[in-house]
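# Fold and geometry: a report
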Amino acid sequence: MQKPNKRLEGQTCIITGSSDGIGEAVAKAMAMEGANIVVNYHSSKEEAEEVAHWINKNSSCGDAIVIKCDVSKENDVKDMFKKTVSEFGTVDVCVANAGLQLDHSLHEMPLSDWQRVIDVNLTGQFLCAKEAIIEFKRRGMRPEISKSLGKLIHMSSVHEVIPWAGHANYAASKGGLVMLMQTICQEYGPDKVRCNSIAPGAIKTDINKDVWSTQEGRDGMLKLIPYNQIGVPDDIGSVASWLASDESEYINGTTIFVDGGMTCYPGFTANG
Ligand code: NAD
């Protein structure tokens, strides 16, 4: 966990899917920067409350609240933004992090599992970005708080560029995020909205526990990572809090890969 700083003081951050994993680390990192935090959860109320409790105990200036919301449901997302504005006055940063995998070979993939992954991983990010931009524009610039009107961070994946057999729904959702993020950048950059993605590589969370919890799985993962180290959620938290701050003001419309070099295709190291 990074040292307390104040780069997000006076700002409010919604982090979707932040009751655990990467979202939890992002929420805590942004809280340590002084922000108010909305811990969004889908089904794990108790875990979300634990994250909020940790923040309220450890953050010197920001507060945390917990809001239930299924990011794939428009009314839920609208409601989450409404509650946030009513509690904290506005939203400055939206980290669209919620995501899931439902893996099958393509020829065995039920339409419902294709649809669910697209609904959460892509449509959910569209719905959050839409409500965030509406709120950024309603509130207007506050130069004393941030140089940008608002910041959007999409949690993507190395699979926005690396095809992934057995995971067509997931890879397609993350590939779609590239165009969503870049189009938002083009459309709302003139309003001073900053929109970027973070693309994690292999980070130890529940989403890939079945792989990293066995020696064989860990060895297989490490073969894909030139830095020879599996990532942890704090590796993403520290990048996200910096990316939300004015220190990264001129970064707009790009994906930051946090992957130990996975996108350098290590399979070619001794075979080119
Ligand atoms: P995780 O399973 O620990 O967390 C995912 C979170 O999303 C959970 O809190 C879950 O409850 C929430 N969620 C799922 N459906 C939701 C919905 N409909 N509405 C609201 N919340 C919902 O996994 P994670 O690794 O922390 O994943 C976070 C993000 O990072 C995802 O978008 C994932 O695709 C991305 N990612 C993770 C890795 C990795 O190696 N862990 C790599 C690349 C990308």
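This write-up is about the structure you can find in this document. Values in this document were obtained by computation on a predicted structure and should not be read as measured data.

## Concerning the pattern of salt bridges
Once the charged atoms of two side chains with opposite charge are near each other, the side chains can pair. Across all of its chains, the model carries 13 salt bridges by this definition. The salt bridge partner of Lys28 is Glu24, with a shortest N-O separation of 2.7 Å. Here Glu24 and Lys28 lie together in helix 1 (residues 21-32), a separation of 4 residues that amounts to about one turn. Given a relative accessible area of 13%, Lys28 falls into the buried group. For Glu24, a relative accessible area of 22% gives the class partly exposed. One salt bridge connects Asp191 with Lys137, and the closest N-O pair in it is separated by 3.2 Å. You can see Asp191 sitting in the loop between helix 5 (168-188) and strand 6 (193-200) and its partner Lys137 sitting in helix 4 (residues 111-139), a full 54 residues away along the chain. The partly exposed category is assigned to Lys137, whose relative accessible area is 45%. When salt bridges that share partners are traced, they join Arg7, Glu33 and Glu247 into one network.

Reading the values: the criteria
- Residues numbered from 1 in each chain as written.
- Predicted model: local features only at pLDDT ≥ 70, side-chain atom pairs only at ≥ 80, totals over all residues.
- Heavy atoms only, no water.
- Salt bridge = Lys/Arg side-chain N within 4 Å of Asp/Glu carboxyl O.
- Helix = DSSP H or I, 4+ residues; strand = E, 2+ residues; numbered from the N terminus.
- Buried < 20%, exposed > 50% of the residue type's maximum accessible area, 1.4 Å probe, protein only.

Read these as layout, nothing more, since geometry by itself doesn't imply function.
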